[in-house]
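# Analysis of the macromolecular model
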Amino acid sequence: MANAISTVDPKEIDHHSDWKHFWWDVDGKAKLLHAFNPVRLEFIRKGLADIDFESRNPTLPLNGIKIADIGCGGGILTEFLARAGAQVTGIDAATDLIDVAKEHVQLDPTISDRVNYFCTTIEEFSLNNKESYDAVVASEVVEHVTDPELFLKESVKILKPGGSIFVTTINKTLASWLGAIIIAEYIWKKIPCGTHHWSKFIAPDEIERILEKYDCKTNLIEGIVFNPLSYTLSLSSYKGINYAVHAVKKKKIDA
């Protein structure tokens, strides 16, 4: 019975699977996700530095880190993390997108041995991968699942004690409704219409509450802002629309 529980929304799978031919078109439907990569890496590096992780290779700042990219889609962030030196496992429930990801990573032999993809849900994946990863990344995913608490609970299960979870998502504010839906989807058309639903947006304090419930202490919350002129994103104190959370799973105390 427990295995039948899923946070996957079939409508979301269908919507994003429609992008399969455009996932790696840097000027296509997923253009904003490509633009998101540098700031996502910056936040991950910042979070790891805050818990005293120091890379011995400045050209590969994530060398030695084993990461699970949950809801990886066609692998845009997965490959970016691998190019930074990480060993990355990408999982997604969309078969079409995992096929795209597997095909694309083979084009770059410098990272193909550092990337693995699986078509599965986090609920299924967590069953056989408990406490296996140094870091879990759930970027632009929480706002697309049916049950954010279950999704985060299962994501935390695959983290090693002392490991980090990084979440980027969209706040539930009037500004996010205007910015992420009305402006981004219907006026600027930077994102396909129907991609986001305000009812699924979630506030930072709710993410923090859920993570605390499952033994993760929030270390850092930062806003992420988009500059439409330069088409870049940057970390910011403003959290009204996009934001990022870094939390650390508590280490076990030997009795």
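Residues numbered from 1 in each chain as written. Predicted model: local features only at pLDDT ≥ 70, side-chain atom pairs only at ≥ 80, totals over all residues. Heavy atoms only, no water.

## Some words on the sheet that holds strand S4 (residues 133-139)
Taken together, eight strands build an open sheet; the order of strands is S3-S2-S1-S4-S5-S8-S6-S7 and the sheet is mixed. Every other strand in the sheet has two partners, leaving strand S3 (115-119) and strand S7 (232-236) as the edge strands with one partner each. Sheet twist, expressed as the mean angle between neighbouring strand axes with direction ignored, is 20°. Taken together, the six bridges between S4 and strand S5 (residues 159-170) define a ladder with parallel strand orientation. Of the residues in S5, the one forming a bridge with Val 136 is Ile 165. In the packing of helix H6 (residues 148-157) onto the sheet, the strands contacted are strand S1 (66-70), S4, S5, strand S6 (216-227) and strand S8 (242-249), and the crossing angle to S5 comes to about 145°. (Pairing = 2+ DSSP bridges. Helix = DSSP H or I, 4+ residues; strand = E, 2+ residues; numbered from the N terminus. Axes fitted to C-alpha atoms, helices over the stretch in contact; angles between N-to-C directions. Contact = heavy atoms within 4.5 Å.)

## Some words on helix H8 (residues 204-213)
All of the buried residues along H8 are Pro 204, Ile 207, Ile 210 and Leu 211. Summarising the axial view, the buried residues of H8 lie within an arc of 125°, below the 170-degree limit, and thus occupy one face. In this fold, the buried residues of H8 make contact with H6, S5, S6 and S8. Among the residues trailing H8, Asp 215 stands out with phi positive, at a value near 70°. (Buried < 20%, exposed > 50% of the residue type's maximum accessible area, 1.4 Å probe, protein only. Arc of directions from axis to C-beta.)

## Comments concerning the packing of aromatic side chains
Following the criterion strictly, the structure yields six aromatic pairs and no others. With 6.0 Å between their ring centres and 85° between their planes, Phe 43 and Phe 166 make a pair best called edge-to-face. Residue Phe 43 is found in helix H2 (residues 31-50), and its partner Phe 166 is found in strand S5; the two are separated by 123 residues along the sequence. Accessibility classification places Phe 43 together with Phe 166 in one group, the buried group. Ring centres of Phe 226 and Tyr 231 lie 5.0 Å apart, and the angle between their planes is 85°; on these two criteria the pair is classed as edge-to-face. On the accessibility criterion, Phe 226 (26% relative accessible area) is partly exposed. The class for Tyr 231 is buried, based on a relative accessible area of 14%. Grouped by ring-pair contacts, the aromatic residues Phe 118, Phe 125 and Tyr 133 constitute a single cluster. Over the face of the ring belonging to Tyr 231 we find Lys 31, whose NZ or CZ atom lies 4.4 Å from the ring centre. The ring of Tyr 133 carries Lys 66 above its face, with NZ or CZ at 4.9 Å from the centroid. (Phe/Tyr/Trp six-rings, centres within 6.5 Å; stacked < 30°, edge-to-face > 60°. Lys NZ or Arg CZ within 6 Å of the ring centre and 35° of its normal.)

## Overview of the UniProt feature "domain: Methyltransferase type" (unreviewed entry) in the protein
Using the residue numbers shown here, the UniProt feature "domain: Methyltransferase type" (unreviewed entry) corresponds to residues 69-166. Here residues 69-166 runs as 34% helix and 29% strand, with 10 Å between its end C-alpha atoms. (UniProt positions renumbered as here; feature names shortened; annotations may be inferred.)

## Focus on the UniProt feature "binding site: S-adenosyl-L-methionine" (unreviewed entry) in the protein
Here, UniProt's "binding site: S-adenosyl-L-methionine" (unreviewed entry) annotation points to Arg 40, Gly 71, Asp 92 and Ser 139. From this annotated list, the subset lining the largest cavity comprises Arg 40 and Ser 139. Within the secondary structure, Arg 40 is located in helix H2. What makes Arg 40 buried here is its relative accessible area of 5%. (1 Å grid on protein atoms, 1.4 Å probe; cavity = no way out; pocket = protein on both sides within 12 Å on 5 of 7 lines; lining within 4 Å.)

## Focus: the nonpolar core
If you look at the biggest cluster of nonpolar residues, it comprises 35 residues, and the most contacted ones within it are Leu 62, Ile 67 and Leu 81. If you list the elements that add at least two residues to this core, you get H2, helix H3 (76-83), helix H4 (95-105), S3, S4, S6 and S7. The leading source of residues in this core is H2, at eight residues. Contact partners of Leu 62, with chain neighbours within four places excluded, come to Leu 41, Ile 44, Arg 45, Leu 48, Ile 67, Leu 81, Ala 84, Gly 85 and Ala 86. (Core = buried A, V, L, I, M, F, W, Y, C linked by side-chain atoms within 4.5 Å.)

## Things to note about a nonpolar patch on the surface
A grouping of Leu 174, Trp 177, Leu 178 and Trp 198 is seen on the molecular surface, where their side chains present a nonpolar patch of about 400 Å² in accessible area. The residue Leu 178 is located in helix H7 (residues 174-187) in this model. Note on Leu 178: relative accessible area 37%, which makes it partly exposed. (Patch = residues over 30% accessible without salt bridge, like charges linked within 9 Å, V, L, I, M, F, W, Y side chains within 5 Å. Areas by Shrake-Rupley, 256 points an atom, 1.4 Å probe, with all protein chains shown as cover. Salt bridge = Lys/Arg side-chain N within 4 Å of Asp/Glu carboxyl O.)

## Focus: the pairing of strand S2 (residues 87-92)
Looking along a regular strand, one sees side chains alternate from face to face of the sheet. Summarising burial for S2: five of the six residues are buried, a large majority. Pairing analysis gives five bridges linking S1 to S2, with the strands arranged parallel. Across the sheet, residue Ile 67 finds its bridge partner in S2, namely Val 88. This β-α-β element, S1 to H3 to S2, shows right-handed connectivity. Two strands pair when backbone bridges link them, and S2 and S3 are joined in this way by five bridges, in the parallel orientation. Bridge pairing in S3 links Val 88 to Val 115. In this fold, the crossover linking S2 to S3 by way of H4 has right-handed handedness. (Right-handed = clockwise from strand over helix to strand, strands pointing away.)

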